[in-house]
Amino acid sequence: MKKILLSVLLSAPLWVLGQGFQVNLQGQKQIGMAGAGSALALDEASVFFNPGAVTFLEKNSVSAGVNPLLFKSAFQQSGSNITENVKNKIAPPFEFYAVWGPKSNKWKLGLGVYTPFGGLVDWGNDWSGKYSLTSLNLKAIYFQPTLSIKITDRIGIGAGFVYNHGDVNLQRALPVNYPDGRSGHVTLDGTGKGYGWNAGLYIKTLSNISFALVHKSKVVTKLDGGTAEFDVPSSLRSSFPAGNTFNAELPLPATTSLGVGIPLSKSTALAFDASWVQWHVYQDLTFNYAQPVNGSSQTKSARNYHDGSSFKLGINHQASEKLALRAGVGYAFSPVQDGYVTPEAPDADRYILSAGLGYTPTSHFEVNASFFFEDVRSRKQKNIETGLDGTFKTLVYAPGISLTYKW
């Protein structure tokens, strides 16, 4: 029984980040184009999408936005006709950007605060996969000061330092029962941090077609002093000590993107982005415990991820002096191999659709709104460690809005 309990505890990753669940909601204009836009100097969100394009922004600006995200996932266990659904909970990915520089536009400083990874999921305490997960609440917040320099009138480079602050709370049931029938339970809770960088090159040709090359580095997130609280019958408490702490590391993947911006007219531009996400860095998850758990001070769980990729195409149309319209489509390939899908974020290849609009009531203020939709393909899986066997289907909805002040 002790071996079963330890297997359940370690079988699923601590972070939903490991499931290839990137939150592609870092700028309202780009969201409206399915996340494309690294080769367009659209706005202050270029701090994230391409630091090399920041110096081509005409005005200084400050903006803030939010995208309430609804993650709708369903599971049907093999051999059952009952569909189980996550509870309706809304995660609040947000973004804040500031850009400042001299009127000569030879250089600009930027600051970005955004949430590129995270998740909020609650399956409830009694669903069929409760021994894999009952709930997860995770937030990863990146802080990125940035410098962008215009080398020539058509070439810009930029780079930013990245600091990541992460919070996580994960809960699941344990396969032991109290006399009243209540299941055992474990809660993992902690705070982590990591460091990295974001650099980009922006080139605008004589025909006004623009190109982008952007690399966002791997960020090794370290979780130190996390707490592991076990609610188990008294006969097992010596093997699962209360108030235990642990350390863990998770390498968040590097991403390399190539972008192209094509002007169709003075008021309309196409944007295409292709991204390679280097998830191969996530091969296992290791926990180091302050107090031994079931006689061991370290445990390791295989993940064996491969690299993922995505392709996004968007259009930005300036319908009038004050109104802009946007739309986009995309497709993303999952890094999660067969046998490793878990309910934290039941990942699969996904289709992306989006739309957006912008309104500029004055020369200083701008409002942008977007709607982002992902259709994650159905995936029938049996997890090689937990044995959870069934079909997952997920839809993601994320409306968003931002306010910008320019001067």
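Keep in mind that what you see is a predicted model, and the values were worked out from it rather than measured.

1. Quick look at the overall build of the protein chain
And then number 1: Helix and strand counts for the protein chain stand at 3 helices and 21 strands.
And then number 2: On C-alpha atoms alone, the protein chain measures out to a radius of gyration of 23 Å, which is about the 22 Å that the 2.2 N^0.38 rule sets for 407 residues.
And then number 3: Projected onto the principal axes, the alpha-carbon positions of the protein chain cover approximately 75 × 45 × 35 Å.
And then number 4: With an accessible surface of roughly 16,700 Å², the protein chain has 60% of that area assigned to carbon and sulfur atoms.
And then number 5: Positive and negative side-chain charges in the protein chain, numbering 35 and 28 respectively, have mean positions lying 4 Å apart.

2. Looking at the environment of Leu 252
And then number 1: As for its placement among the helices and strands, Leu 252 is situated in strand 12 (residues 244–252).
And then number 2: Of the residues examined, Leu 252 reaches a relative accessible area of 1% and is grouped as buried.
And then number 3: Taking the C-alpha atoms as reference, Leu 252 lies 9.8 Å from Val 277; in sequence the two are 25 residues apart.

3. Some remarks on the pattern of salt bridges
And then number 1: Applying the stated criterion across every chain, the model contains 12 salt bridges.
And then number 2: Put simply, Arg 172 and Glu 344 hold a salt bridge, and the shortest N to O gap is 3.8 Å. Residue Arg 172 is located in strand 8 (residues 155–177), and its partner Glu 344 is located in the loop between strand 18 (323–333) and strand 19 (350–359); the two are separated by 172 residues in the primary sequence.
And then number 3: Owing to a relative accessible area of 2%, Glu 344 belongs among the buried residues under this scheme.
And then number 4: Arg 379 serves as the salt-bridge partner of Asp 338, at 2.9 Å between the closest nitrogen and oxygen. Taken together, the positions of Asp 338 in the loop between strand 18 and strand 19 and Arg 379 in strand 20 (residues 365–382) put the pair 41 residues apart, joining distant regions of the chain.
And then number 5: For Arg 379, a relative accessible area of 14% translates into the label buried.

4. Considerations on the environment of Pro 179
And then number 1: Along the polypeptide, Pro 179 turns up in the loop between strand 8 and strand 9 (183–204).
And then number 2: Distance from Pro 179 to Pro 233, taken between C-alpha atoms, is 9.0 Å for residues 54 residues apart in sequence.

5. Quick look at the confidence of the model for the protein chain
And then number 1: Summing up the model confidence of the protein chain, the mean pLDDT is 89 and the portion of residues at 70 or higher is 94%.
And then number 2: For the stretch residues 10–20, pLDDT sits under 50, and the model shows 64 contacts to residues farther than four places along the chain or on other chains.

6. What about the environment of Asn 368?
And then number 1: Structurally, the position occupied by Asn 368 is in strand 20.
And then number 2: Along the chain, Asn 368 and Ala 269 lie 99 residues apart, while their C-alpha atoms are 17 Å from each other.
And then number 3: Other than its neighbours up to four places away in sequence, Asn 368 contacts Gln 28, Lys 29, Arg 326, Leu 357, Gly 358, Gly 400, Ile 401 and Ser 402.
And then number 4: A polar atom in the side chain of Asn 368 sits 3.1 Å from the side chain of Arg 326.

7. Description of the nonpolar core
Buried together is how nonpolar side chains tend to be arranged in soluble globular proteins.
And then number 1: Ranked by internal contacts, the top residues of the largest apolar core, which has 60 residues, are Leu 25, Leu 69, Val 121, Trp 123, Leu 136, Tyr 142 and Phe 246.
And then number 2: Sorting elements by how many residues they give to this core places strand 8 first, with 5 residues.
And then number 3: Membership of the second largest hydrophobic core comes to 6 residues, among which are Met 33, Ala 36, Leu 40 and Ala 271.

8. Some words on the packing of aromatic side chains
And then number 1: Per the stated rule, a full pass over the model turns up 22 aromatic pairs.
And then number 2: Ring plane angle 65° and centroid distance 5.7 Å describe the contact between Trp 100 and Trp 107, whose orientation is recorded as edge-to-face.
And then number 3: Given a relative accessible area of 33%, Trp 107 falls into the partly exposed group.
And then number 4: By the ring-pair criterion, three or more aromatic residues cluster together here, those being Phe 48, Phe 49, Tyr 97, Tyr 114 and Tyr 142.
And then number 5: Geometry around Tyr 178 places Arg 182 over its ring, the cationic atom sitting 3.9 Å from the centre.
And then number 6: One Lys or Arg, Lys 216, reaches over the ring of Phe 48 and ends 4.5 Å from the middle of that ring.

9. Things to note about the side chain of Ser 183
And then number 1: Residue position: Ser 183 is located in strand 9.
And then number 2: Within the structure, the side chain of Ser 183 is placed 3.3 Å from the side chain of Lys 130, a separation counted as a polar contact.
And then number 3: Among the polar contacts made by the side chain of Ser 183, one reaches the side chain of Asn 177 at a distance of 3.4 Å.
And then number 4: Sequence-distant contacts of Ser 183, that is, excluding residues within four places in its chain, are made with Lys 130, Tyr 131, Ala 173, Leu 174, Val 176, Asn 177 and Tyr 178.

10. Considerations on the pairing of strand 9
And then number 1: Examined bridge by bridge, strand 8 and strand 9 share 21 bridges and lie antiparallel to one another. Residue pairing across strands places Asn 164 opposite Gly 194, the latter belonging to strand 9.
And then number 2: If you look at the hairpin formed by strand 8 and strand 9, you'll find 5 residues sitting between the two strands, and Gly 181 has a positive phi there, around 90°.
And then number 3: Here 7 bridges tie strand 9 to strand 11 (residues 219–231), and the two strands are oriented antiparallel to one another. Of the residues in strand 11, the one forming a bridge with Leu 188 is Ala 228.
And then number 4: Relative to strand 10 (residues 210–216), strand 9 runs antiparallel, the two being bridged by 7 bridges. Looking across to strand 10, one finds that Gly 200 is bridged to Val 214.
And then number 5: Between strand 9 and the antiparallel strand that follows it, strand 10, lie 5 residues; Asn 208 among them carries a positive phi value of about 70°.

Parameters at a glance
- Residues numbered from 1 in each chain as written.
- Predicted model: local features only at pLDDT ≥ 70, side-chain atom pairs only at ≥ 80, totals over all residues.
- Heavy atoms only, no water.
- Helix = DSSP H or I, 4+ residues; strand = E, 2+ residues; numbered from the N terminus.
- Rg over C-alpha atoms; globule rule 2.2 N^0.38 Å.
- Areas by Shrake-Rupley, 256 points an atom, 1.4 Å probe, with all protein chains shown as cover.
- Lys, Arg positive; Asp, Glu negative; His and termini not counted.
- Charge placed at Lys NZ, Arg CZ, Asp CG, Glu CD.
- Buried < 20%, exposed > 50% of the residue type's maximum accessible area, 1.4 Å probe, protein only.
- Salt bridge = Lys/Arg side-chain N within 4 Å of Asp/Glu carboxyl O.
- pLDDT = per-residue confidence, 0-100.
- Contact = heavy atoms within 4.5 Å.
- Polar contact = N/O pair within 3.5 Å; in protein donor to acceptor, adjacent residues only side chain to side chain.
- Core = buried A, V, L, I, M, F, W, Y, C linked by side-chain atoms within 4.5 Å.
- Phe/Tyr/Trp six-rings, centres within 6.5 Å; stacked < 30°, edge-to-face > 60°.
- Lys NZ or Arg CZ within 6 Å of the ring centre and 35° of its normal.
- Pairing = 2+ DSSP bridges.

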